[in-house]
Number of protein chains: 2
Amino acid sequence: MVDRSRAKKTENSRPTIYDVAAACGVAPSTVSRAFARPGRVNAETAERIRQVAAEMGYRTNPLARALPTGRTSLIAIVIADVTNPFFFEILRGAEETATEAGYTLLVADVQESIEAERRALDRMIPMVEGIVLATSRMSDSSIRVAAKQRPTVVLNRAMSDIASVATDNALGMRRAVEHLADLGHVSITYVAGPDASWANGIRWRAMREATQELGMRARRIGPFAPTQAGGLSAAGELAATPPTAVIAYNDLLAIGLLRGLSSLGIRVPQDVSVVGFDNIFGADFCTPQLTTVAAPLRQLGKVAVQTLLNDLGGPASGRAVSRGPLKTALLPARLVIRESTARVEALAE
Amino acid sequence: MVDRSRAKKTENSRPTIYDVAAACGVAPSTVSRAFARPGRVNAETAERIRQVAAEMGYRTNPLARALPTGRTSLIAIVIADVTNPFFFEILRGAEETATEAGYTLLVADVQESIEAERRALDRMIPMVEGIVLATSRMSDSSIRVAAKQRPTVVLNRAMSDIASVATDNALGMRRAVEHLADLGHVSITYVAGPDASWANGIRWRAMREATQELGMRARRIGPFAPTQAGGLSAAGELAATPPTAVIAYNDLLAIGLLRGLSSLGIRVPQDVSVVGFDNIFGADFCTPQLTTVAAPLRQLGKVAVQTLLNDLGGPASGRAVSRGPLKTALLPARLVIRESTARVEALAE
DNA sequence: ATGAAAGCGCTAACAG
DNA sequence: CTGTTAGCGCTTTCAT
């Protein structure tokens, strides 16, 4: 039999339920219950236990709790690139929501590397209760193997069998195209991002459809890295036969484009209108200020975590295996019109 | 006696060292050693164990390992505001370094709230091996109580008794002032950030000293929120009697200032030169591009984590209680000259 | 409603 | 070098 009677063996170590139990004259299991499931213990006793525990400075040890139950109160979020402002607000939304529910976020920055993404997942999965994959570069099947191990929700991507939350890119694109049409443009060039990006595919497709419906022409160049550098290259490529309007895969690319165009003596928006995607930090202070399809960034992070928590069965409480029907949230995008788009002055191309 | 002989009780659950041990005909402790401290076990045996373990798909359970040892391989980083680009590169540097050493980052965004910071710490401390406080808003004494519980390093702050890593603000400020002096300015206005910010205090002090030595005048306005909005207000306040040169607490403030000044018809850099601090994302594409004192952001995150890991005694290995002398790293800042500063045209004020 | 006791999976003396 | 044996601190049947 274990001798639990000794006071916390080394004076400095934190008190355990055994110490509290001894001090209260109850069994350790009662103390455990008093904290883990109030209501399963006499109200008065519970109160007394809390009282004493508080005085002793007792805090339940999350590690010890996690071992038998698996409830670590940790959720992982893996993002393609912490350095990309696109993720700032997403992170905040996720963090906020997780914290409110008593969870802590484990974040992995995988620097756009599939390899790193896989490693991060390997490392984190055993410790977390759930995973949100923000803009994963992995294949659907790789995602599925992760999802088999822990509840998973993907951000900015759609998968038939995995909960997902994404921006309504089609709608956003539609608005952007309409805006350009209103300004008299008859042809639009899409400056593509990485082929591996789900959003890239869907945006291009949506643009083609929208232009078609509105009787406009669609062209496409790329792929380019979704960075300012990528935008610079794109500007070079565009310079030969500049279109009157371009829609870029994302704001980073668009901002690079702005700078590149400007340095080539092509004026925005007089010579060419450009619209970006996401409305990231900086879109409002680049020159000209960028017209862009704003993604509900914070909301995206928030809903992703909410969806996950829901799968986990409520805020850090007992698992209710009620995982409802597969959630697939599509959050609305809105067009933010600023200074980088204008009425077409000359005839299109 | 526990009956460990049964194969993994439920077929689906992951194999444990007991399963591997049984399959290899060795004791569980040997399997444990084979993974935890290779070298303490016969090379061949170890090899065989790894082999079998791999086949069975065994993975050591970090939770179980953590309970008896306290080695969670987790470190916490608490940052004042994930939404502030200042932290992007810091996060990346920290992440990178932690990952290389086999640690995972737990990040808490405390939204500039001391309250939230304290709560985050409470929540994370029991799970992590160490803490890095990036731009903490807490009092020194609050930091000390945290540091008493886990090895801690503070970022962008100096404390006599806690390891710290910061930018060499004094040097950076000196360079900025010299630059302005070179351009013929004889008076500089400091646009202050939050009083609670350690960096704010030190930057202002350094500016006063530098201007004094160079025979220039120093003025100060503020405090302002370290945001674009703050910069906008500052611009309003400055408009009455515009100085020829201002140094802002940070880039965010400086960018807001740029916009505010511009909308008030004050030209930068012709009418007033402005220099920022940190060289955050966006400083190179705002208009005009910002001259700024660049902080070694990524390096800051990296060194902070390295310092912490060092305190923990090597990369996820056994604790060597050799915590050397208190480390206080001061990383060099460099002045990045862009377009927001120019030779003074008229006589100063 | 509460107590007793058996683990969760791994590590760490302590023997041999 | 390897096996034995206690735990780490909490949860959770199963009795009472």
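Looking up chain A in an unreviewed UniProt entry gives the name LacI family transcriptional regulator, with the organism given as Microbacterium protaetiae.

(A) Focus on the UniProt feature "domain: HTH lacI-type" (unreviewed entry) in chain A. Mapped onto this numbering, the UniProt entry annotates "domain: HTH lacI-type" (unreviewed entry) at residues 15–69 of chain A. Here residues 15–69 of chain A runs as 71% helix and 0% strand, with 21 Å between its end C-alpha atoms.

(B) Main features of the protein's contact with DNA strand D. In the vicinity of DNA strand D lie 32 residues, with A:Ser32, A:Arg65, B:Thr30, B:Arg33 and B:Asn42 positioned nearest. Taken together, the sugar and phosphate atoms account for 59% of what DNA strand D places within 4 Å of the protein. The separation between a phosphate oxygen of DNA strand D and a polar main-chain atom of A:Ile17 is 2.7 Å. Within the side chain of B:Ser29, one N or O atom sits 3.2 Å away from a base oxygen of DNA strand D. The set of elements that each furnish at least two residues to the surface near DNA strand D consists of helix H1 (17–24), helix H2 (28–36) and helix H4 (62–69) of chain A together with helix H2 (28–36) and helix H4 (62–69) of chain B. In terms of residue class, the surface near DNA strand D is made up of 12 nonpolar, 11 polar and nine charged.

(C) Molecular detail of the protein's contact with DNA strand C. Near DNA strand C you find 32 residues, and of these A:Thr30, A:Arg33, B:Ser32, B:Tyr58 and B:Arg65 are the closest. Among all atoms of DNA strand C positioned within 4 Å of the protein, those belonging to sugar or phosphate total 63%. Separating a phosphate oxygen of DNA strand C from a side-chain N or O atom of A:Thr45 is a distance of 2.7 Å. Within the backbone of B:Ile17, a nitrogen or oxygen atom sits 2.7 Å from a phosphate oxygen of DNA strand C. Of all the secondary-structure elements, those providing two or more residues to the surface near DNA strand C are H2 and H4 of chain A together with helix H1 (17–24), H2 and H4 of chain B. Considered class by class, the residues forming the surface near DNA strand C number 12 nonpolar, 11 polar and nine charged.

(D) Here's a closer look at the packing of helix H8 (residues 169–182) of chain B against helix H9 (residues 198–213) of chain B. Residue and element names in this part refer to chain B. At a minimum axis distance of 8 Å, the contact between H8 and H9 shows a crossing angle of 45 degrees. By the angle class used here, H8 and H9 are oblique. In this structure, the crossing between H8 and H9 has a hand that is right-handed. From H8, Asn169, Ala170, Met173, Arg174 and Val177 reach across to H9, where they touch Trp198, Ile202, Arg203, Ala206, Met207, Ala210, Thr211 and Glu213. Among the residues making up the contact of H8 with H9, the classes are represented as eight nonpolar, two polar and three charged.

(E) A look at the sheet that holds strand S12 (residues 334–336) of chain B. Residues and elements named next belong to chain B. If you trace the six strands from one edge of the open sheet to the other, you get S7-S6-S8-S9-S10-S12, paired in mixed fashion. Two strands lie at the open edges of the sheet, namely strand S7 (217–221) and S12, each paired on one side alone. The sheet shows a mean angle of 25 degrees between the axes of neighbouring strands, taken without regard to direction. Sheet topology note: the strand S8 (residues 245–248)/strand S9 (residues 273–278) ladder contains three bridges and is parallel. Directly across from Ala245, in S9, lies its bridge partner Ser273. Packing of helix H10 (residues 228–239) onto the sheet brings it into contact with strand S6 (187–191), S7 and S8, and relative to S7 it is tilted by some 125 degrees.

(F) Inspection of the packing of helix H5 (residues 86–100) of chain B against helix H12 (residues 297–312) of chain B at higher detail. Residue and element names in this part refer to chain B. One can describe the packing of H5 onto H12 by two numbers: an axis separation of 6 Å at closest approach and a directional angle of 40 degrees. Considering their axes alone, H5 and H12 lie oblique with respect to each other. Considering how the two elements wind past one another, H5 and H12 form a crossing that is right-handed. Contacts between H5 and H12 involve Phe86, Glu89, Ile90, Arg92, Gly93, Ala94, Glu96, Thr97 and Ala98 on the former and, on the latter, Leu297, Arg298, Leu300, Gly301, Lys302, Val305, Gln306 and Leu309. Residues belonging to the contact of H5 with H12 are distributed by class as follows: eight nonpolar, four polar and five charged.

(G) Quick look at the domain arrangement of chain A. With domains assigned, chain A is organised as domain 1 (4–60), domain 2 (74–167 + 297–332) and domain 3 (169–295 + 335–348). Between the C-alpha centres of domain 1 of chain A and domain 3 of chain A the distance comes to 62 Å.

(H) Region of interest: helix H10 (residues 228–239) of chain A. Residues and elements named next belong to chain A. In this model, H10 (12 residues) spans 16 Å end to end at C-alpha, consistent with the 16 Å of a helix rising 1.5 Å per residue. Of the positions making up H10, those classed as buried are Gln228, Gly230, Gly231, Ala234, Ala235 and Leu238. Buried residues of H10 fall within an arc of 145 degrees about the axis and therefore sit on the same side. Summarising the contacts, the buried residues of H10 are in contact with strand S6 (187–191), strand S7 (217–221), strand S8 (245–248) and helix H11 (251–263).

(I) Representation of the interface of chain B and chain A in the model. Facing the 46 residues of chain B at the interface are 46 residues of chain A. Roughly 4200 Å² is buried in total at the junction of chain B and chain A, and carbon and sulfur atoms are behind 59% of that figure. It is B:Leu63, B:Arg92 and B:Phe285 that lose the most area in chain B upon contact with chain A, and together they represent 17% of the buried surface on that side. At the junction of chain B with chain A, the criterion picks out eight salt bridges. Where A:Arg92 meets B:Asp109, a salt bridge forms, and the shortest distance between an N and an O atom there is 2.9 Å. Linking chain B to chain A there are 19 residue pairs in polar contact (both at pLDDT 80 or more). Of all the elements in the fold, those that place two or more residues in the side of chain B that touches chain A are H4, H5, strand S2 (104–109), helix H6 (114–124) and helix H11 (251–263) of chain B. Residue contributions to the side of chain B that touches chain A peak at seven residues, all from H5(B). Of the residues assigned to the side of chain B that touches chain A, the class counts are 24 nonpolar, 10 polar and 12 charged.

The rules behind the values
- Residues numbered from 1 in each chain as written.
- Chains lettered and ligands numbered in written order.
- Predicted model: local features only at pLDDT ≥ 70, side-chain atom pairs only at ≥ 80, totals over all residues.
- Heavy atoms only, no water.
- UniProt positions renumbered as here; feature names shortened; annotations may be inferred.
- Helix = DSSP H or I, 4+ residues; strand = E, 2+ residues; numbered from the N terminus.
- Near = heavy atom within 4 Å.
- Polar contact = N/O pair within 3.5 Å; in protein donor to acceptor, adjacent residues only side chain to side chain.
- Nonpolar A, V, L, I, M, F, W, Y, C, P; charged D, E, K, R; others polar.
- Axes fitted to C-alpha atoms, helices over the stretch in contact; angles between N-to-C directions.
- Parallel < 35°, antiparallel > 145°, perpendicular 65-115°, else oblique.
- Left-handed = near helix turned anticlockwise from the far one by under 90°.
- Contact = heavy atoms within 4.5 Å.
- Pairing = 2+ DSSP bridges.
- Domains from an automatic or database assignment.
- Expected span 1.5 Å × (residues − 1).
- Buried < 20%, exposed > 50% of the residue type's maximum accessible area, 1.4 Å probe, protein only.
- Arc of directions from axis to C-beta.
- Buried area = accessible area lost by both parts, 1.4 Å probe.
- Salt bridge = Lys/Arg side-chain N within 4 Å of Asp/Glu carboxyl O.

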